[in-house]
Every structure is written in C-alpha cells, then in structure tokens.
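The chain contents come next:
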Amino acid sequence: VTATTTFAPQPEVAVPTGKPHLSDRARAERRLGWMLSAPAVIVMLAVTAYPIVNAVYLSLFNYRLTNPAGREFIGLKNYTVILTDGLWWGAVGTTLLITIVTVAVELVIGFAFALVMNKVIFGKGVVRTAILIPYAIITVVSAYAWYYAFASNSGFVNSWFNTDRDWFGQRWSSLFVICLSEIWKTTPFMSLLLLAGLAQVPEDMQEAAMVDGATWWQRMWRVTLPNMKGAIMVALLFRTLDAFRIFDNVFVMTQGANGTETVSLLAYRQTISRTEIGLGSAVSVLLFLCVVLICFIFIKGFRTDLSKVRGS
Amino acid sequence: MRSKRSTVWMIVASLLIVVYTLFPVVWIISLSFKRGDDINNQKFFPTHWSWDNYKTVFDTPLFTSALRNSIGIALISTFISVVLATLAAYAIARLDFPGKKLVLTAALAIAIFPAISIVTPLFNLWRIIGLYDTWPGLIIPYLSLTLPIAIWTLSAFFREIPWEMEQAAQVDGATTWQAFRKVIVPLAAPGVFTTAIIAFFIAWNDFVYGISLTSTDNARPVPAALAFFTGESQFQQPTAAISAAAVVVTIPVVILVLLFQRRIVAGLTNGAVKG
C-alpha cells in the first residue's frame, strides 16, 4: 500500500462530478470492471505489499533464524546499527557509483543505437533482432561471459592487451567489468525506449528546421531532444531503479569481495547467509526507501511525467 | 552524394551494433566448445571443437533438474500472470470504472519494487509454512515480477483493438460467441502472445529469488544452479561446463527472439512510451 500511495504524484482516482445518478448499465459496467481487475490487484498486493509490511515488522526485532527462542523486540536498534556502520555506507556508495556510471553510459550508447535504428534502411530486421539478444539473455549468463573473458586463467582479454592484470583482485578493475556486463545487457532496452521516443518527434518540425538551415547539432539540441524529453526521463527512471537493485553481476563475479558489495548483496548476505532476519529486514526496508527516494527525486526534482508511460 | 555517404555510415553503424550484441555470445559459445587445456589457452577460439562439455552438462543431475524446474516454474507463472492480466487489461481498455488509473499505478509501483526487499520476509515465511524450496515458493514471487509488466503491455495492446468490430459482426448476424471467437480472439491473440513471451523472459531471468528461496535441486532454477555448478570432479574447473550450460539455456530465448522479433519490439516500446 505504501508503494502505491507514495508513487502516485497526484490522487489519480477520477471522482465523477456532476453525475450523481448512474444508470443501471453504467453501474453494471463498474462492477464488471472491478471484478475483472480484482484478482490481479489482490495477487499483486499479496505478493508485495504484505511482505514489505512484514519486513518492517521483522526489522524491529533481534531475530536469528537459528535461534527463534531468542527473538526480542528492540525497536529501531537494527536501523541505528546499520546506519552507523561503514559497511552500509560503503555499499550505498558502490551502488550509487555503479548506477550513475552504467545509466550515463547506457544513455549515450542507447541513444546512438536508437538514432541508427531510426534511420537504418538496409537490414532493419537484422539490427532489431540483434539488439534484442542481450535483452533476452539471462543476466547470470552475461555475467559469466564477461567474467571468463577477463579472468586471468580462461580469459582472452589479458592476452589481447598483453597484460597480466588480476582484474578481480582489486576494487576498480572489478567494478569496471561489473559495469561492462551490466551496460552490455541493458543498453538494448534503453535504446528501444529511446527509439519509441524518437518516433514521437514531429517530422515536419525537423524539415522546417532543415529548411531554415539548421545544422545537425542544432536540430538535435533544439528539436529532437526537447521533443523526446519525456521518453528520456522515463527511460532514465526505469534504468536507474533497475541499476540500483544490481545483484546478479556482482554475485557471480566477486560475491561482493574487494569493496564491490552493493546494497542488494548486503541484504542477501544478512538474511540468507547469516540468517539474521531482523537485521536483513532492516536493510531491505532501507533499500526500499532508497528506491522510493529515487522515484521522488525523478518525479518532483526532474519533473518526470509518468503519464507518458505505457498507455495511461 | 551526401545520402550515399550517410548510407555507408549507417551500414557501418549497423554492423557495429550487431558486433556489440553478438560478441559476448560468440565468446561463451566458443568457450563451451573448448576441451581440456584449451580452456586456459587465453585464445578466443578453441583449437579443437568438442561436444564434451555438453555431454557433461546433460549428465549432471543438478543441471537437468534445474532445466526442468526453470521451464516448469517460468511457464506456470507466465500462464497465471497472462490470464489475470488479460482480465484486468480488458477491464482497463474497455470498461469505464473508477480506480482504473489506480490499478495501473499500483502495477507500475510494483514493477519498480526491489525484489531483494521482499526476499527476507518471504524466506522467513516460506520456512514457517513449508513453501521454502518448492515450485509454488518461486511461482508466487515470480508473479510480482511478471504481473505488472503483463498488465501494462496488454492494456496498451488492447487499447489498439477496434472493439466496434464485435458489434458490427453481431449486426451482421453472428452470435455473441461467434463474434468473440472469430473477431476478437484473432485481434487480441498477438498481444496476449507477445505479453506471454516478455513475461517468460522475466521469469526465466530471475536470480535473486532463485538462490534465496531454494536450497536443493527440488526447485532450484537454472540461473541459480549455474552459480553452484562445479565440474565433473572436484579437481576440474567448472568454466567449460558452466559455459555449455549457459549456451543451452540461452538457445530457447534466442530462438524466441528470432521468431518473434517484431512483436517483442512492439510489445516493449508500443506500450512503454505513449505515442
């Protein structure tokens, strides 16, 4: 429930004003509408809203799965433990770094890809099929492909570039490969969203600018980009939220070693490896609040208009 | 002159895109055909191409059971999501009722929800009620991944359907059932089918729930099994076997992409940003 209310920028339920009397037909239509959407809504709430409320509750306890009898209520102590620990802030820093780098690079490459796909005449189908392949490939498979390419025993990268670097032995080189895999896998999705945005730019405005002698750059900055700002912001929001949850690539490549631990990995380690349900729940709740904060920044700060998204 | 030069540029750029998308895929395929010492020869291609790793993979119960789990769990959760989403999307696209926007907003909010945030409570709950390491224990959280995107994609598709044709058919003497079966089903089927493919990709790709909510090959899906894969013996590196397993699970999705490329693009973008 928190998810839906915090997310909606304005109350979206349209109150029918000036129509106090509904015909029987309209009333029947309403009832049918509710009946048809109810199963989907109930399932969605049951599988997300209930667990997150449960997580908030569990986060107030000192509770280890291996010692259920020792479970005790400790209020907000788990949160103070986490927020005063360098481990949490380190994970937040790493996650933010990965998010900013990957989303920025994806925006540039994805935009270039979208421009090519928008203009290409020969082999349109080939390019569009190719672009879907990284999207469809399992993230874990992508992680292994890049991991083995850089690994010092099986990889070809070191022999191609004539070094014997231990890529996964240090923080920055590990993060570099993690970002590479993440960018490779998700740029196609970004470019497809941007391609849809490019299609919204009115053709006649482009032509008018061209007739007026505007250069390619001028047309790009004055006509194309302003007209697809909505699409860009939506693509950025989706990708930022997705990148902030990064887990698979880090898990496969380093398991969080050498200062590559992200927030999701920290939550996983507390809960699953250490069975610290209380502490793990608190990390999960904090991660959720980060995601809500990112949404808030995009919607209020950058004025991202979500009514532009998907058919609403 | 100018247009000829830009055509050449476009061809070069298209080729670059294709290289970009295929490079890691070709690499992992090549790695999966390496045998013995070739694995560590630091070359891109094997000196001898060999099917050995594929034999190893299909002789490994951990992998074959993971494949069975992944296919079963992904198909069942896709099916449930698509059925529920079809009902909801029909209501959203065709009927007038208050709360319509709320359904879409709720779906969007859940789509951006971090999976790891609900892993902890589910891990705890599943252990108490006995769903830990079972198929339903994964199918239920997979609905939270697939249902929102299915609702969005399908309502975008359904909005495009010319529903008046149903009435037109009835005016022409078709029964309600005939009008539905002969007119509406053929129009709606491509959207439903595309949504099913996209939902299947998402369920097939999951890793967070897969490693957190399973412990044995009872329910462990492929992405999670890959992370626990060891070679034929303790002393063998799992590199080549993991690559072969990775290629095996990649083939079905690549085939789906090749067959339904146009529809998937339409499903992802058509709904994604309002045109």
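About the thresholds
Residues numbered from 1 in each chain as written. Chains lettered and ligands numbered in written order. Predicted model: local features only at pLDDT ≥ 70, side-chain atom pairs only at ≥ 80, totals over all residues. Heavy atoms only, no water. Helix = DSSP H or I, 4+ residues; strand = E, 2+ residues; numbered from the N terminus. Buried < 20%, exposed > 50% of the residue type's maximum accessible area, 1.4 Å probe, protein only. Contact = heavy atoms within 4.5 Å. Areas by Shrake-Rupley, 256 points an atom, 1.4 Å probe, with all protein chains shown as cover. Lys, Arg positive; Asp, Glu negative; His and termini not counted. Charge placed at Lys NZ, Arg CZ, Asp CG, Glu CD. 1 Å grid on protein atoms, 1.4 Å probe; cavity = no way out; pocket = protein on both sides within 12 Å on 5 of 7 lines; lining within 4 Å. Points joined across faces, edges and corners; volume = space filled by probe spheres on them. Nonpolar A, V, L, I, M, F, W, Y, C, P; charged D, E, K, R; others polar. Buried area = accessible area lost by both parts, 1.4 Å probe. Salt bridge = Lys/Arg side-chain N within 4 Å of Asp/Glu carboxyl O. Polar contact = N/O pair within 3.5 Å; in protein donor to acceptor, adjacent residues only side chain to side chain. pLDDT = per-residue confidence, 0-100. Expected span 1.5 Å × (residues − 1). Axes fitted to C-alpha atoms, helices over the stretch in contact; angles between N-to-C directions. Parallel < 35°, antiparallel > 145°, perpendicular 65-115°, else oblique. Left-handed = near helix turned anticlockwise from the far one by under 90°.

**Describing the overall build of chain B**
Item 1. Along chain B, the regular secondary structure elements total eleven helices and zero strands.
Item 2. Listed N to C, the secondary structure of chain B is α-α-α-α-α-α-α-α-α-α-α in terms of helices and strands.
Item 3. In terms of overall dimensions, chain B has a C-alpha envelope of 75 × 70 × 35 Å along the principal axes.
Item 4. Within chain B, the proportion of its 275 residues that are buried is 55%.

**Focus: the overall build of chain A**
Item 1. Broken down by element type, chain A carries 14 helices and two strands.
Item 2. Considered along the principal axes of its C-alpha atoms, chain A spans approximately 75 × 75 × 30 Å.
Item 3. Considering chain A as a whole, with its 312 residues, one finds that 54% of them fall into the buried category.
Item 4. Counting contacts in chain A only where the partners sit at least 6 residues apart, residues at least 24 apart contribute 69% of the total.
Item 5. Carbon and sulfur atoms make up 64% of the accessible area of chain A, which amounts to about 14400 Å² in all.
Item 6. Once the 25 positive and 18 negative side-chain charges of chain A are each reduced to a mean point, those two points are 5 Å apart.

**Focus on the layout of surface pockets**
Item 1. By volume, the largest pocket is sized at about 1200 Å³.
Item 2. Secondary-structure elements contributing two or more residues to the lining of the largest pocket are α4 (86-119), α9 (203-211) and α10 (216-227) of chain A together with α1 (2-32) of chain B.
Item 3. With 13 residues, the single largest contributor to the lining of the largest pocket is α1 of chain B.
Item 4. Residue composition of the lining of the largest pocket, grouped by class: 21 nonpolar, six polar and six charged.
Item 5. If you go around the second largest pocket, you meet 21 residues; those closest to its centre are Tyr90, Arg94, Trp163, Glu166 and Phe180 of chain B.
Item 6. Of all the secondary structure elements, the ones that give two or more residues to the lining of the second largest pocket are α2 (24-58) of chain A together with α3 (61-94), α7 (164-171) and α8 (176-205) of chain B.
Item 7. A total of six residues in the lining of the second largest pocket trace back to one element, the largest contributor, which is α8 of chain B.
Item 8. For the lining of the second largest pocket, the class distribution of residues is 14 nonpolar, three polar and four charged.

**Comments concerning the interface of chain A and chain B**
Item 1. Opposite the 99 residues of chain A that make contact, chain B presents 101 residues.
Item 2. Here chain A packs against chain B, burying approximately 9300 Å² in sum over the two surfaces, 77% of which is carbon and sulfur.
Item 3. Applying the counting criterion to the chain A and chain B interface returns zero salt bridges.
Item 4. Across the contact surface, chain A and chain B share 14 residue pairs in polar contact (both at pLDDT 80 or more).
Item 5. Residue contributions to the side of chain A that touches chain B peak at 20 residues, all from α2 of chain A.

**What to know about empty space enclosed by the protein**
Item 1. Going through the model one piece at a time under the given rule, you end up with four cavities of 30 Å³ or more.
Item 2. Around the largest cavity sit 43 residues that line it, and Asp242 and Arg245 of chain A together with Ala111, Ile202 and Asn205 of chain B are the ones nearest its centre.
Item 3. Broken down by element, the lining of the largest cavity gets its largest block of residues, five residues, from helix α6 (residues 135-159) of chain B.
Item 4. Residues belonging to the lining of the largest cavity are distributed by class as follows: 28 nonpolar, seven polar and eight charged.

**Focus on unusual backbone geometry**
Residues and elements named next belong to chain A.
Item 1. For Asn162, which is not a glycine, the phi torsion comes out positive at approximately 55°.
Item 2. Mapped onto the secondary structure, Asn162 falls in the loop between α7 (157-160) and α8 (171-198).
Item 3. With phi around 55°, Asn258 is a residue other than glycine that occupies positive phi space.
Item 4. Structurally, Asn258 is set in the loop between α12 (248-253) and α13 (263-273).
Item 5. Under the relative-accessibility criterion, Asn258 is labelled partly exposed at 36%.

**Some points on the confidence of the model for chain A**
Item 1. In this model, chain A carries an average pLDDT of 86, and 91% of its residues clear a pLDDT of 70 or more.
Item 2. In this model residues 1-12 of chain A is a low-confidence stretch, pLDDT under 50, and it forms 19 contacts with partners more than four residues away in sequence or in other chains.

**Looking at helix α4 (residues 100-111) of chain B**
Side chains three or four residues apart in an α-helix point the same way, a direct result of the helix having 3.6 residues per turn.
Item 1. A rise of 1.5 Å per residue sets the reference length of α4 of chain B, with its twelve residues, at 16 Å; its end C-alpha atoms lie 17 Å apart and thus fit the reference within 8%.
Item 2. Those residues of α4 of chain B not exposed but buried are Val103, Leu104, Thr105, Ala106, Ala107, Leu108, Ala109 and Ile110 of chain B.

**Structural notes on the pattern of salt bridges**
Residues and elements named next belong to chain A.
Item 1. Per the stated rule, a full pass over the model turns up ten salt bridges over all chains.
Item 2. In this structure, the salt-bridge partner of Glu106 is Arg239, at a minimum N-O distance of 2.7 Å. Of this pair, Glu106 sits in helix α4 while Arg239 sits in helix α11 (residues 229-244), placing them 133 residues apart in sequence.
Item 3. Exposure remark for Glu106: the relative accessible area of 0% places this residue in the buried category.

**Considerations on the packing of α2 of chain A against helix α14 (residues 277-301) of chain A**
Residue and element names in this part refer to chain A.
Item 1. At a minimum axis separation of 8 Å, α2 and α14 run at an interaxial angle of 125°. When the interaxial angle is binned, α2 and α14 end up oblique. Of the two elements, α2 crosses α14, and the hand of that crossing is left-handed. In this structure, α2 uses Ile52, Ala55, Val56 and Leu58 to contact α14, whose residues at the interface are Ile277, Gly278, Ser281, Val285 and Phe288.

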